[in-house]
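Analysis of the macromolecular model
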Amino acid sequence: MKRFFDIFASGLGLIVLSPLFLILAIWIKLDSKGPVFYRQIRAGKDNKDFKLFKFRSMRPDSDKGRLITIGGRDPRVTRSGYYIRKYKLDEFPQLINVFRGEMSLVGPRPEVRRYVDLYDERQLKVLSVRPGITSLASIKYRNENDILAKAGDPDRAYVEIVMPAKLEYDLQYVEKATFWNDIKLIFSTLWAIVAK
């Protein structure tokens, strides 16, 4: 049922949102040089790598240095990217990943390999399910960039504080995942975006 819902909802979403996709693509291209989409390798279900799609919100090759974005005004973020990130519009292309079966609408957020390699045996259980566009952890930590901006060492703060806390929420999800819980999380996500 979950997979059927993912296919139906992501397919419908891609069709309905196609005009918005076109507007965002034009805005991104006019604002800065580089591709419309940003593709990054993430760890998926069963610890298998896949390419995650996002609208590009940063200057090309910005991920060659640090992976973590700090604060709302990270200098690597483009003018259009600031608003695209603020309203989570950069996440919409992940509907492609959902439709292809690499992701689900709801599930633990997919992490980059560098951080997954730090997971302990218990934390690796989050990779037993498809990663999602949204999760309870992503709602609770939707302002994590602002949190990390206040840290002396953002990377260390992410690894030692933020990542373990998010993984606890993700492990709770894996243990108690139900279709109706997914529906609640989708509406909670929409409310968090609108309320912002």
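Quick caveat: nothing in here was measured; it's all calculated off a predicted structure.

Calculation criteria
- All residue numbers refer to positions counted from 1 along the written sequence of the respective chain.
- In keeping with the model being predicted, local features are shown solely for residues with a pLDDT of at least 70 and side-chain atom pairs are shown and tallied solely at 80 or more, while totals for entire chains, interfaces and linings include all residues.
- The side-chain numbers reported here are obtained from all heavy atoms of the structure, hydrogens and water having been left aside.
- A residue's pLDDT is simply how confident the predictor is in it, with values from 0 to 100.
- A run of DSSP states H or I qualifies as a helix once it reaches four residues; a run of E qualifies as a strand once it reaches two. Both are numbered from the N-terminal end.
- Patches here: salt-bridge-free residues with over 30% relative accessible area, like charges joined within 9 Å, nonpolar side chains (Val, Leu, Ile, Met, Phe, Trp, Tyr) joined within 5 Å.
- Computed by Shrake-Rupley with a 1.4 Å probe, the accessible areas treat only the displayed protein chains as cover when residues are assessed.
- Every case where a carboxyl oxygen of Asp or Glu lies within 4 Å of a side-chain nitrogen of Lys or Arg is listed as a salt bridge.
- Working rule for helices: expected span equals 1.5 Å times residues minus one.
- Accessible area is worked out with a 1.4 Å probe on protein chains only. A residue is then buried under 20% of its type maximum, exposed over 50%, and partly exposed in between.
- Starting at the helix axis, one direction is taken to each C-beta atom, and the arc is that of these directions.
- Whether two residues are in contact is decided by their heavy atoms: any pair within 4.5 Å suffices.

**Some details on the confidence of the model for the protein chain**
- In this model, the protein chain carries a mean pLDDT of 91, and residues with pLDDT of at least 70 account for 94%.
- No element of the protein chain has a lower mean pLDDT than helix H7 (residues 144-149), which averages 82, and none a higher one than helix H4 (residues 94-100), which averages 98.

**Things to note about a nonpolar patch on the surface**
- A cluster of nonpolar residues, Phe4, Phe8, Leu12, Ile15 and Val16, forms a patch on the protein surface that exposes about 570 Å² of accessible area.
- With respect to the helices and strands, the residue Leu12 is situated in helix H1 (residues 2-16).

**So, helix H2 (residues 18-31)**
- For H2, built from 14 residues, the straight-helix expectation of 20 Å at 1.5 Å per residue is met to within 8% by its first-to-last C-alpha distance of 20 Å.
- Along H2, the positions that sit buried rather than exposed are Phe21, Leu24, Ala25, Ile28 and Asp31. When H2 is viewed along its axis, its buried side chains cluster within an angular range of 140 degrees and face the same direction. Relative to its buried face, H2 has exposed residues pointing more than 90 degrees away, namely Leu22, Ile23 and Leu30.
- Those residues of H2 that are buried are in contact with H1, strand S2 (49-55) and helix H3 (79-86).

**Notes on the side chain of Lys54**
- Positionally, Lys54 belongs in strand S2.
- If we skip the residues at most four places from it in the chain, Lys54 touches Val36, Phe37, Tyr38, Arg42, Asp90, Glu91, Pro93, Gln94 and Arg109.

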